[in-house]
Amino acid sequence: MPRTTAKSYFWKGCRNSLPFIFVAGPFSLLFGVLATEAGLKLYEMLTFSASVYAGSAQFTALQLLREDAPTLIILASSLAVNLRVGMYSASLTPYLGAAPLWTRAIVAYFTVDQSYSLSVAQYELVPEMTLSERLAYFFGTNAIIAPLWYTGTLVGAILGTGIPESFALDFALPIAFLAMVGPMLRTPAHIVAAFVSIVVALLCVSIPYNLGLLVAGTAGMMAGARAEQFLISRGVKI
């Protein structure tokens, strides 16, 4: 059996991230187009995309900018949308928490939906991976997608409104989340958490500044934890 190395895990992360090209490509193009329509200059858009690197938060901030919302509201809403990354970080800590501070800082920057979902699935599948192998896999999941995101926003900004609306680039976001969430629903506790999150999110859709997402996420985690405890108490193997 061939020996597995950190380098091989890096390339495996690259390969596993390939399907997300069909999400990150259109999504980044759309952001570039909308940023141009919102009046952002090219350097402003590129700085925005490179410094934040969080698609949903970027779109939230951009929409509020177009509506001339107060700066505080823009920051609070973007933070609310992106707080799920805090949950991602807590989930990754048992696997990557022993890395040096500077490495964890880079990991924090590149922790997005696709890198998190792929990495956690891989770590759970192969728990004997070393820290270097885990880090290599994590960075592999970003090696293609991150440059594609930066390039796509640039191309979208240059093309501007030249991309026809019939291309429907905004299809990328819901498809991305479906692609990531589906394979992770492996236990009844996961399903309960997802179901409760969906129901609560729909009930809280009228809460301003996207804060309903935080309520839904919290409710989903609580429901999932309770479901797991119940199943364990009944002797069900999780």
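Residues numbered from 1 in each chain as written. Predicted model: local features only at pLDDT ≥ 70, side-chain atom pairs only at ≥ 80, totals over all residues. Heavy atoms only, no water.

(A) Main features of the overall build of the protein chain. The helix and strand inventory of the protein chain stands at 13 helices and zero strands. Each helix (α) and strand (β) of the protein chain, taken in turn from the N terminus, gives the series α-α-α-α-α-α-α-α-α-α-α-α-α. Relative to its full complement of 238 residues, the protein chain shows a buried share of 41%. Contacts in the protein chain between residues at least 24 apart in sequence constitute 78% of all its contacts with a sequence separation of at least 6. (Helix = DSSP H or I, 4+ residues; strand = E, 2+ residues; numbered from the N terminus. Buried < 20%, exposed > 50% of the residue type's maximum accessible area, 1.4 Å probe, protein only. Contact = heavy atoms within 4.5 Å.)

(B) Fine view of the side chain of serine 119. Position of serine 119 among the secondary structure elements: in helix H8 (residues 113-125). Within the structure, serine 119 has its side chain in polar contact with the backbone oxygen of serine 115 (distance 2.7 Å). Beyond its immediate stretch of four places on either side in the chain, serine 119 contacts Leu92, Tyr137, Phe138 and Thr141. (Polar contact = N/O pair within 3.5 Å; in protein donor to acceptor, adjacent residues only side chain to side chain.)

(C) A look at the nonpolar core. Within the largest apolar cluster, 39 residues are counted, with the highest numbers of intra-cluster contacts made by Phe31, Tyr53, Phe59, Leu92, Leu96, Tyr123 and Phe138. Looking at this core, the elements that each hand over two or more residues are helix H2 (21-37), helix H3 (42-52), helix H4 (55-66), helix H6 (84-96), helix H7 (101-110), H8, helix H9 (131-143) and helix H10 (145-159). By residue number, the principal contributor to this core is H2, which donates six residues. With near-sequence residues (within four places) excluded, leucine 92 lies in contact with Gly97, Thr111, Tyr116, Ser119, Val120, Tyr123 and Phe138. (Core = buried A, V, L, I, M, F, W, Y, C linked by side-chain atoms within 4.5 Å.)

(D) Just the packing of aromatic side chains, in detail. Following the criterion strictly, the structure yields twelve aromatic pairs and no others. Between phenylalanine 27 and tryptophan 149, the ring centres sit 5.7 Å apart and the planes meet at 65 degrees, which makes this aromatic pair edge-to-face. You can see phenylalanine 27 sitting in helix H2 and its partner tryptophan 149 sitting in helix H10, a full 122 residues away along the chain. Look at tyrosine 88 and tyrosine 116: their rings are 4.2 Å apart centre to centre, the planes differ by 5 degrees, and that puts the pair in the stacked class. Taken together, the residues span a long stretch of sequence, with tyrosine 88 in helix H6 and tyrosine 116 in helix H8 at a distance of 28 residues. (Phe/Tyr/Trp six-rings, centres within 6.5 Å; stacked < 30°, edge-to-face > 60°.)

(E) Quick peek at the packing of H6 against H8. Remark: H6 packs on H8, axes separated minimally by 11 Å, with the N-to-C direction vectors making an angle of 30 degrees. Taken together, the axes of H6 and H8 lie roughly parallel to each other. The element H6 and its partner H8 pack so that their crossing is left-handed. Between H6 and H8, the contacting residues are Arg84, Tyr88, Ser91, Leu92, Tyr95 and Leu96 on the first element and Asp113, Tyr116, Ser119, Val120, Tyr123 and Glu124 on the second. (Axes fitted to C-alpha atoms, helices over the stretch in contact; angles between N-to-C directions. Parallel < 35°, antiparallel > 145°, perpendicular 65-115°, else oblique. Left-handed = near helix turned anticlockwise from the far one by under 90°.)

(F) Quick look at H10. The end-to-end C-alpha separation of H10 is 20 Å, in line with the 21 Å expected for 15 residues at 1.5 Å each. For H10, the full list of buried residues reads Ile145, Ala146, Trp149, Gly152, Thr153, Gly156 and Ala157. In an axial view of H10, the angular spread of the buried residues amounts to 130 degrees, which keeps them on one side of the axis. (Expected span 1.5 Å × (residues − 1). Arc of directions from axis to C-beta.)

(G) Quick peek at the confidence of the model for the protein chain. The predicted model of the protein chain averages 83 in pLDDT, with 86% of residues at 70 or higher. Averaged over each element, pLDDT in the protein chain is lowest for helix H11 (residues 172-181) (59) and highest for H9 (96). (pLDDT = per-residue confidence, 0-100.)

(H) Structural view of a nonpolar patch on the surface. There is a patch of nonpolar side chains on the surface, built from Leu42, Leu46 and Ile158 and spanning about 270 Å² of accessible area. Mapped onto the elements, isoleucine 158 comes out in helix H10. Classification of isoleucine 158 as exposed rests on a relative accessible area of 61%. (Patch = residues over 30% accessible without salt bridge, like charges linked within 9 Å, V, L, I, M, F, W, Y side chains within 5 Å. Areas by Shrake-Rupley, 256 points an atom, 1.4 Å probe, with all protein chains shown as cover. Salt bridge = Lys/Arg side-chain N within 4 Å of Asp/Glu carboxyl O.)

(I) Expanded view of the environment of alanine 216. Residue placement: alanine 216 occurs in helix H13 (residues 211-233). Separated by 18 residues in the primary sequence, alanine 216 and isoleucine 198 have C-alpha atoms spaced 7.1 Å apart. Setting aside residues no more than four positions away along its own chain, alanine 216 makes contact with Ser197, Val200 and Ala201.

(J) View of the packing of helix H12 (residues 188-203) against H13. Running from amino to carboxyl end, H12 crosses H13 at an angle of 150 degrees, the nearest separation of the two axes being 7 Å. As judged from the angle between their axes, H12 and H13 are roughly antiparallel. When you trace H12 past H13, the crossing you get is right-handed. Of the residues in H13, those touching H12 at Pro188, Ala189, Val192, Ala193, Val196, Ser197, Val200 and Ala201 are Val215, Ala216, Ala219, Gly220, Ala223, Gly224, Ala227, Glu228 and Leu231. Class assignment of the residues belonging to the contact of H12 with H13 gives a composition of 13 nonpolar, three polar and one charged. (Nonpolar A, V, L, I, M, F, W, Y, C, P; charged D, E, K, R; others polar.)

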